[in-house]
Protein chains: 2
Amino acid sequence: MKKLMKEIDGGVCAPQGFKAGGIRCGIKPASQKRDLALIYAERPCTAAAQFTTNRVKAASILVTQEHLAQGNIRGVIANSGNANACTGDAGLAAARRMAELAAEHCMLKPEEVAVASTGVIGVPLPMVAIESGIGALADALRGDAAGHEAALEAIMTTDTRKKAGSLEIEIGGVPVRLGGMVKGSGMIHPNMATMLAIITTDACITRNALDQALKRAVKHSFNRVTVDGDTSTNDMILVMANGAGGNPAINDPASPDFDIFALALEQLCVTLARAMARDGEGATRLVTVTVRGATDEDTAEVLAKSVASSSLVKAACFGADANWGRVLCALGYSGAAFDPATVEVTFASRAGTITVCRGGVSLPFSEDTAKQILSEEEIEIQVDLQSDVPGAGGPGEAVVWGCDLSYEYVKINGDYRS
Amino acid sequence: MKKLMKEIDGGVCAPQGFKAGGIRCGIKPASQKRDLALIYAERPCTAAAQFTTNRVKAASILVTQEHLAQGNIRGVIANSGNANACTGDAGLAAARRMAELAAEHCMLKPEEVAVASTGVIGVPLPMVAIESGIGALADALRGDAAGHEAALEAIMTTDTRKKAGSLEIEIGGVPVRLGGMVKGSGMIHPNMATMLAIITTDACITRNALDQALKRAVKHSFNRVTVDGDTSTNDMILVMANGAGGNPAINDPASPDFDIFALALEQLCVTLARAMARDGEGATRLVTVTVRGATDEDTAEVLAKSVASSSLVKAACFGADANWGRVLCALGYSGAAFDPATVEVTFASRAGTITVCRGGVSLPFSEDTAKQILSEEEIEIQVDLQSDVPGAGGPGEAVVWGCDLSYEYVKINGDYRS
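## Some thoughts on the domain arrangement of chain A
Residue and element names in this part refer to chain A.
Here is step 1 of the chain: Each assigned domain of chain A is listed with its residue range as follows: domain 1 (5-278) and domain 2 (286-414).
Here is step 2 of the chain: For domain 1 versus domain 2, the separation of C-alpha centres amounts to 32 Å.
Here is step 3 of the chain: Between domain 1 and domain 2, the residue contacts involve 18 residues of the former and 19 residues of the latter.
Here is step 4 of the chain: Each partner contributes to the roughly 1500 Å² buried at the junction of domain 1 and domain 2, and carbon and sulfur atoms together form 50% of this total.
Here is step 5 of the chain: For domain 1, the biggest contributors to the area lost against domain 2 are R224, R274 and R278; these three give 44% of the whole.
Here is step 6 of the chain: A salt bridge links E378 to R274; the nearest nitrogen and oxygen atoms lie 3.1 Å apart.
Here is step 7 of the chain: Across the side of domain 1 that touches domain 2, the residue classes tally to five nonpolar, seven polar and six charged.

And the structure:
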């Protein structure tokens, strides 16, 4: 059987017909890091997006929502170092001006441009820096991996790793590519109020189908990540599809072509989401929580998120401590229904697998082995609600990604603004 | 006007007719600390209690609920060092045996005894230690402050301070006393799944009235405390009223006498709850969050809890960083309705008061002054939703107590079991 999906290089520039770039314009005055990015599609796109559920929305979110309501998006201007949130009418004017500047230099209409900002809240955006930098940014646009890398660097804040991915699939015998980048570490929590993710594809797909595919992908990826439970004012995920791949247009969410595309988009989003959890502020471990045997998928998700979000579980992961009692405790206060008397808890990593609780009570286990398993950089907490009891549990299953809670998290966030 | 409520000494032994004691029986093998407590009323009581909302309930909770359903409680046996949770039928048998042992030595029926446990989850309770210690514990019962202190020490785990209080009020011309102790620092979160609190009073009050008074008190005290968002398997608050004060019996929740008593109980619970927040694991500051101008009290409470529970706000408090953007962000993702455009945020402590945000946007303020204010041990975050805008906001107000998030929290919880 032919491989249906292959990883490729290039990030958001992997699909045909996209350019990207990033420069340092001076939004982060004390830093030599890039802070302004542009991603641009050479031809019209269909676009879909999801936005933060926070009631306090940054100016960039409001403006992008407005633009998306008016039509499709084919350019994104994004800055780091300043969230342009809680900045009132001046902030809104600044976000609109960012779109205008990008539009002018890319020969687009302002309403074809999405705006994204990330950084400190409540500080006026230094528009002078952006006005003076936009020319150089437009000149820096490139259609290759270097363009992608520069743009990605320019949207990073406390991120310690570049988080990106790209895939190739085949639709109707035609190769189609998807590429994406994500920024996010602190303030990461489910419900999409999550991060800044920009995804490009040269698939030919209608806006409605793209929207459906994005919803499905986000549900199983970004909405299953938790770092600290705080959902931000600024975050969004945007996907632009420019049709340059030349596949038969995907317009029916019930078609096999749609499934191929949607699965690839989900796979890309999972890659980005996992990378984001792994790069949680101060995180030393990626913690994957799997819940099986719940009544349904939603119940499994609530339970898994409760475990992955628990400060006590997270601190135990930091200490590589097999404190399964905290796992049960977190399941218990999740609000979801399950029978505590049939729960099985297993810790796993590439160092091994150890079941520490069955039927809701302790199993004898080697603390040394458990410590060894939990000392890995990627660990799993597997909860099986059905356990060995016939009739208990159900088919519901969900995977959630989180990270541990370290001294470093506290350090990073104790004085973020200075 | 005569002072209606005065602070007195003695804790749970301040009311007439109560004895308390605490010993070291060996539940914490590696420690010289006390680990077994008994509190006993010399005459029958009315009793009321509230229990954890966690679906995973410790054996002590199940047994105490059972006993309370059968009648009134007049004795409490409590241990630290082992939660006796997730321990199955053997755990349940152990909790029942604890009640029997206490009953035997206090000449009570087992169902008159409440059982409380706190400590590590999932480890069998060493009943041998309790069986062999119970005689000495019963002999150690005293009706004075020393008895109270010993019992309090015996229920402490990671607590760094003794948290207790006692009050005297007058009902129908007769002095009536209330006393209480609380244990709790990690795993403290609203919804009562919170801590271990034992309150005694020599008031004469019917069970129904006592129950009403406790509900009201807990709503405004323990349920407004948050340390880490984790709600425990074990926690409860129990109040026993032995009538020894000789006041005219309180039986009508609409009577002025009820109000006097209920207010005193609430005051005592607030004292204990604040002390608990202040003693949050690794906490360096008590953080009081006040929300005013919400549609109603419940909305104000949801908003205040969201701010007090935010890891990012808590880390900023640790760093004495006036990061009001995080306050707005936490309000925004709380799920409660409010208008971000009229929010005012003020930081206050005994070092001063500084308003940093008005109308949802930044006010110019001195970072040095803010730092000074936030560097105090007790700080306040005051949110006024109504701000200066006529027609916005409402009469809803709530106070929530929390603490900062420090390196120490992570350290304490990174390897709690060893």
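## Description of the nonpolar core
Here is step 1 of the chain: Among the nonpolar cores identified, the biggest contains 73 residues, and W324, V327, V345, F347 and I381 of chain A together with I39 of chain B are the most heavily contacted of them.
Here is step 2 of the chain: Among the elements that take part in this core, helix 9 (residues 324-332) of chain A stands out by supplying six residues, more than any other.
Here is step 3 of the chain: Discounting chain neighbours no more than four positions away, the residues touching W324 of chain A are V345, F347, V356, C357, G360, V361, S362 and F365 of chain A together with C86 and G122 of chain B.
Here is step 4 of the chain: Counting residues in each nonpolar core, the second largest holds 72 residues, with C45, A83 and L196 of chain A together with A322 of chain B among its members.

## Remarks on the confidence of the model for chain A
All names here are of chain A.
Here is step 1 of the chain: On average, residues of chain A carry a pLDDT of 90, and 91% of them reach 70 or more.
Here is step 2 of the chain: Throughout residues 187-194 the model reports pLDDT below 50, and contacts reaching past four residues in sequence, or to other chains, amount to 56 contacts.
Here is step 3 of the chain: What the predictor reports for the complex is a pTM of 0.80 with an ipTM of 0.74.

## A closer look at the pattern of salt bridges
Here is step 1 of the chain: Within the structure shown, the criterion is met by 54 salt bridges over all chains.
Here is step 2 of the chain: In this structure, D202 of chain B and R177 of chain B form a salt bridge, with 3.0 Å as the shortest nitrogen-oxygen distance. Placement of D202 of chain B in the loop between strand 9 (196-201) and helix 5 (207-219) and of R177 of chain B in strand 8 (residues 174-183) is noted, with a sequence separation of 25 residues between them.
Here is step 3 of the chain: Among the salt bridges present, the one from E297 of chain B reaches R224 of chain B, with a minimum N-O distance of 2.8 Å. Taken together, the positions of E297 of chain B in helix 7 (residues 297-309) and R224 of chain B in the loop between helix 5 and strand 10 (236-241) put the pair 73 residues apart, joining distant regions of the chain.
Here is step 4 of the chain: Take E297 of chain B: its relative accessible area is 30%, and that puts it in the partly exposed class.
Here is step 5 of the chain: A relative accessible area of 4% places R224 of chain B in the buried class.
Here is step 6 of the chain: Here the salt bridges share partners, and the residues they tie into one network are K219, R224, E297, D298, E301 and K305 of chain A.

## Here's the deal with the packing of helix 7 (residues 297-309) of chain A against helix 9 of chain A
All names here are of chain A.
Here is step 1 of the chain: The N-to-C vectors of helix 7 and helix 9 enclose an angle of 130°; their axes lie 8 Å apart at closest approach. It follows from the interaxial angle that helix 7 and helix 9 lie oblique. Once helix 7 is placed against helix 9, the crossing between them reads as right-handed. Side by side, helix 7 and helix 9 meet where L303, S306 and V307 of the first sit next to V327, A330 and L331 of the second.
Here is step 2 of the chain: When the residues that make up the contact of helix 7 with helix 9 are grouped by side-chain class, the tally is five nonpolar, one polar and no charged.

Conventions used here
Residues numbered from 1 in each chain as written. Chains lettered and ligands numbered in written order. Predicted model: local features only at pLDDT ≥ 70, side-chain atom pairs only at ≥ 80, totals over all residues. Heavy atoms only, no water. Domains from an automatic or database assignment. Contact = heavy atoms within 4.5 Å. Buried area = accessible area lost by both parts, 1.4 Å probe. Salt bridge = Lys/Arg side-chain N within 4 Å of Asp/Glu carboxyl O. Nonpolar A, V, L, I, M, F, W, Y, C, P; charged D, E, K, R; others polar. Core = buried A, V, L, I, M, F, W, Y, C linked by side-chain atoms within 4.5 Å. Buried < 20%, exposed > 50% of the residue type's maximum accessible area, 1.4 Å probe, protein only. Helix = DSSP H or I, 4+ residues; strand = E, 2+ residues; numbered from the N terminus. pLDDT = per-residue confidence, 0-100. Axes fitted to C-alpha atoms, helices over the stretch in contact; angles between N-to-C directions. Parallel < 35°, antiparallel > 145°, perpendicular 65-115°, else oblique. Left-handed = near helix turned anticlockwise from the far one by under 90°.

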